[in-house]
Amino acid sequence: MKKAKKKELAELREEDIKRLPELIELATKTLQAKGCRVYDAADTAQARGIIGELLVGQKRVVRSFSQTLYEIGFDGLMKEKGIEVEKTSTAEILWSEEGRHPDGLPPFPVVDRESASLSESELPFAERVRERVKESEYGITGINSIAAERGTLVLAENEGNGRTVSNLPYHHVVVAGVDKITASLTGAVDVVCCASEHGQNRKVPVYISLISGPSRTGDIEFRLTYGMHGPKEVHVILLDNGRQELCRQGYGYLLKCIDCGSCCEQCREMALANGWSGITLTMKGLALALIGGRIAPPVLQNRLGNFSCQVGITPKMAAEALKGLNTVKSF
Ligand code: SF4
């Protein structure tokens, strides 16, 4: 990515984080105006409670890959509720079912079917995923960014077949960290493209979905009908879970992260050195796990290593945050 563009993106994210409380409020209003049902979840427990209520009576749901779903322990919750989860990310299935990542840490970055190199014998997997998605009432996804001014959710296809999961079931449930909110639609799309370019070496994801509320059409006798070409309900859970606390403690710059995955290997090294599992492998992910008490200080940083970040988070800045952050037990 060119230097000027990199600087622009870093500045854009910095401005978004400075305005975070205001943008959360604005996004809530604009998403609701577009017909989405919006929920505030202060922490994991609240997010799990909201999802539990939404999915009462379901036997099976489909979900795409999302670090935020890992963060709230979505699969474990479904197990407790007796709801079967069908994963739709090829890479995630290959990783988790075939033990390609035996360290128990979630995969990152997600690659799509093409780059996961499915062999001919594995192709029926894709058919199975399609069938399961079609049969499901609920599709659960994370989100790549949210444009607050427009009330639009931006989702890249390579997040584990996110387009299919968000579009085919009658209900789309989104779990989004509040740091995914940007002010403008152009900013939100820039974030997605930059994460794709830097994390997966692809300038623009093959598909990007811009979701502005439930599907609606007036084609039939000019009557407004919901759910004809996509979900008839879109639920958006805005998860804080320590993000605003990160700002309060002076380390809000970590929220500029666009989840490109470029520092994943350094985070994985640190996680292994410290004996952590089940955490998001970005500097932001480690900081949130620390603030929420999911991992405990002191953090061994001798494996931090070097990484190049598109929004200007340096290894030194990450190290300072991991050293200085205080755990807040209420998360
Ligand atoms: S902190 Fe890591 S994952 Fe986040 S934008 Fe920077 S390099 Fe990418």
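This text follows the structure it describes.
Residues numbered from 1 in each chain as written. Predicted model: local features only at pLDDT ≥ 70, side-chain atom pairs only at ≥ 80, totals over all residues. Heavy atoms only, no water.

Chemist: Please set out the site of the ligand residue by residue, giving values where relevant.
Modeler: In the vicinity of the ligand, the contacting residues are Cys257, Ile258, Asp259, Cys260, Gly261, Ser262, Cys263, Thr282, Cys309 and Ile313. Given that more than half its atoms are within 2 Å of the pocket grid, the ligand belongs to the largest cavity. Broken down by class, the residue content of the shell around the ligand amounts to six nonpolar, three polar and one charged. (Near = heavy atom within 4 Å. 1 Å grid on protein atoms, 1.4 Å probe; cavity = no way out; pocket = protein on both sides within 12 Å on 5 of 7 lines; lining within 4 Å. Sits in = over half its atoms within 2 Å of the grid points. Nonpolar A, V, L, I, M, F, W, Y, C, P; charged D, E, K, R; others polar.)

Chemist: Go over the pattern of salt bridges, please, and point to the residues and values.
Modeler: Throughout the structure, instances matching the rule amount to 22 salt bridges. Between Lys180 and Asp259 there is a salt bridge; the shortest N-O distance is 2.4 Å. You can see Lys180 sitting in the loop between strand S7 (171-177) and strand S8 (181-182) and its partner Asp259 sitting in the loop between helix H10 (243-248) and helix H11 (264-274), a full 79 residues away along the chain. Under the relative-accessibility criterion, Lys180 is labelled buried at 12%. Using a relative accessible area of 16% as the deciding quantity, one classes Asp259 as buried. (Salt bridge = Lys/Arg side-chain N within 4 Å of Asp/Glu carboxyl O. Helix = DSSP H or I, 4+ residues; strand = E, 2+ residues; numbered from the N terminus. Buried < 20%, exposed > 50% of the residue type's maximum accessible area, 1.4 Å probe, protein only.)

Chemist: Could you give an account of the sheet that holds strand S9 (residues 208-211), with specific residues and numbers?
Modeler: Adjacent strands of a sheet pair through backbone hydrogen bonds, lying either parallel or antiparallel. Sheet architecture is open: four strands sit in the order S8-S5-S6-S9, paired in mixed fashion. Pairing within the sheet leaves two strands with one partner each, and these edge strands are S8 and S9. Relative to strand S5 (residues 145-147), helix H9 (residues 185-200) is tilted by about 165 degrees, and along the sheet it contacts S5, strand S6 (152-156), S8 and S9. (Pairing = 2+ DSSP bridges. Contact = heavy atoms within 4.5 Å. Axes fitted to C-alpha atoms, helices over the stretch in contact; angles between N-to-C directions.)

Chemist: Describe in detail the environment of Val133, supporting the description with residues and values.
Modeler: Within the fold, Val133 resides in helix H7 (residues 124-135). Val133 sits 33 residues away from Ser166 along the chain, and the two C-alpha atoms are 9.5 Å apart. With residues up to four places along the chain from it excluded, the contact list for Val133 reads Val62, Thr88, Thr164, Val165, Leu168 and Pro169.

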